[in-house]
Amino acid sequence: MNAKVNALPDIPLRLPPVLSWLRLLAVLLVFSGHSKTLFGRGHGAIFFMVLSGYTFTRFFIKEWSETGKLRIRRFLSKRLSKLVPALLIVLAINLIIKIWHHHPVDETQFLSVATFTTNYFNALNGHPNNGLAHLWTLSLVMQFYLVWPFLFLLLVNYCRSLKQITIALSLVILAVIAYRSVLLYFALATNAYIFNSFETRVDCFLIGALFAFNIECSLFQKIRQLAFKYKWSVFMTMVVITFMTSLPLIMRNSVGFDLHAFLIGLFIVQLGALDDLSFGILGHSELLSDITYWFYLLHPWGNTLGDMIKMNPYAQFLFGGTILLMCVTLFCYTLKEARLSSKVSNLFR
């Protein structure tokens, strides 16, 4: 075992179930932000980034502490097997619908979706408003999956303590803020590029990783104790988070992203005091994860359903979201039961 693993915190592999619900909340915020209500706009994407940085850093810490290595090929294979099939199905359906209705097909955009580069397609094309543009966050997450295992190995191999890891990550985050600010203040890139590109948004992932590395520090333990004792403090943090999208654009696109991400990281720490949150069968993290992913992929269809009724935007949002969520939940539950039945049948063969 590597001698440097003692620098890492001893954390349980099991993540609090409440984080699965937080991921679903992030998707619902994406859905509402893309609806006519615009409620929650700008929150969902940063929630995704911080959660991805936090959860997968925790997995890496646990694996490195136990084995002294990372099985990167296994990690990427597992992520691709989960993400790609559903994405290709949705992509194929979108293509069929466009051809059926004689709508123009942008081959470049479809290729960007299939290669997880939609964020750069959006960055270079003014972030178009169509049924595939929302997949820029999925592209960002996949790019993080490709880069982060190797950066993690650099950190744990060349930093001699958790303090050095924290300093190194903080310096990278500050460098990204400086780079993004220069692009913004000197008009060297469009707002679409700053908003979508990996190199200008990776700091939000790294803030999640920073919280994962330090989750067992004394400060965060005190924060969890306070959250357990004063549960209203969790609500107050969320209220402050809601105001982050109200920052002036020039501030939001520079340090605002990081303030937003830091508050979400603090929110995650507080939720650690509520790790018993579960709701029956939906407390099953794998099922909830499937529901969240499919809803994320299909949520533009929910907005289309909502637009079919002649009511106010909030009624449209509730109608479209409820119908889509019910359909996705039923589909994912049926799929889960089919997998379980297949496994049971194989046992008796």
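Criteria and thresholds
- Residues numbered from 1 in each chain as written.
- Predicted model: local features only at pLDDT ≥ 70, side-chain atom pairs only at ≥ 80, totals over all residues.
- Heavy atoms only, no water.
- Helix = DSSP H or I, 4+ residues; strand = E, 2+ residues; numbered from the N terminus.
- Buried < 20%, exposed > 50% of the residue type's maximum accessible area, 1.4 Å probe, protein only.
- Contact = heavy atoms within 4.5 Å.
- pLDDT = per-residue confidence, 0-100.
- Polar contact = N/O pair within 3.5 Å; in protein donor to acceptor, adjacent residues only side chain to side chain.

Asks: Just give me the short version of the overall build of the chain, but keep the residues and values in it.
Replies: The helix and strand inventory of the chain stands at 14 helices and 0 strands. Starting at the N terminus and ending at the C terminus, the chain contains elements arranged as α-α-α-α-α-α-α-α-α-α-α-α-α-α. Within the chain, the fraction of its 349 residues that count as buried is 49%. Of the contacts formed within the chain by residues at least 6 apart in sequence, a portion of 73% connects residues at least 24 apart.

Asks: Can you break down the environment of Leu 162 residue by residue, with the values?
Replies: Within the secondary structure, Leu 162 is located in helix α7 (residues 162–185). C-alpha separation for the pair Leu 162 and Phe 213, spaced 51 residues apart in sequence, amounts to 7.5 Å.

Asks: Describe unusual backbone geometry, listing the residues and the values that go with them.
Replies: With a phi angle near 60 degrees, His 102 is a residue other than glycine that sits in the positive phi range. With respect to the element layout, His 102 can be found in the loop between α3 (72–100) and α4 (107–114). Given a relative accessible area of 73%, His 102 falls into the exposed group. The backbone of Phe 116 sits at a positive phi, close to 55 degrees, despite the residue not being glycine. Here Phe 116 is to be found in the loop between α4 and α5 (118–124).

Asks: So, the confidence of the model for the chain: which residues are in play, and what are the values?
Replies: Considering every residue of the chain, the mean pLDDT works out to 86; 89% of them sit at 70 or more. A low-confidence stretch, residues 1–5 (pLDDT under 50), is modelled with 13 contacts involving residues beyond four sequence positions or located in other chains. Contacts for the low-pLDDT stretch residues 278–282, under 50 throughout, to residues beyond four places or in other chains number 9 contacts.

Asks: Just give me the short version of the side chain of His 260, but keep the residues and values in it.
Replies: As for its placement among the helices and strands, His 260 is situated in helix α12 (residues 249–271). At 3.4 Å, the side chain of His 260 and the side chain of Arg 252 are in polar contact. Residues contacting His 260, with those up to four places away along its chain left out, are Gly 42, His 43, Ile 46, Ile 241, Met 244, Thr 245 and Arg 252.

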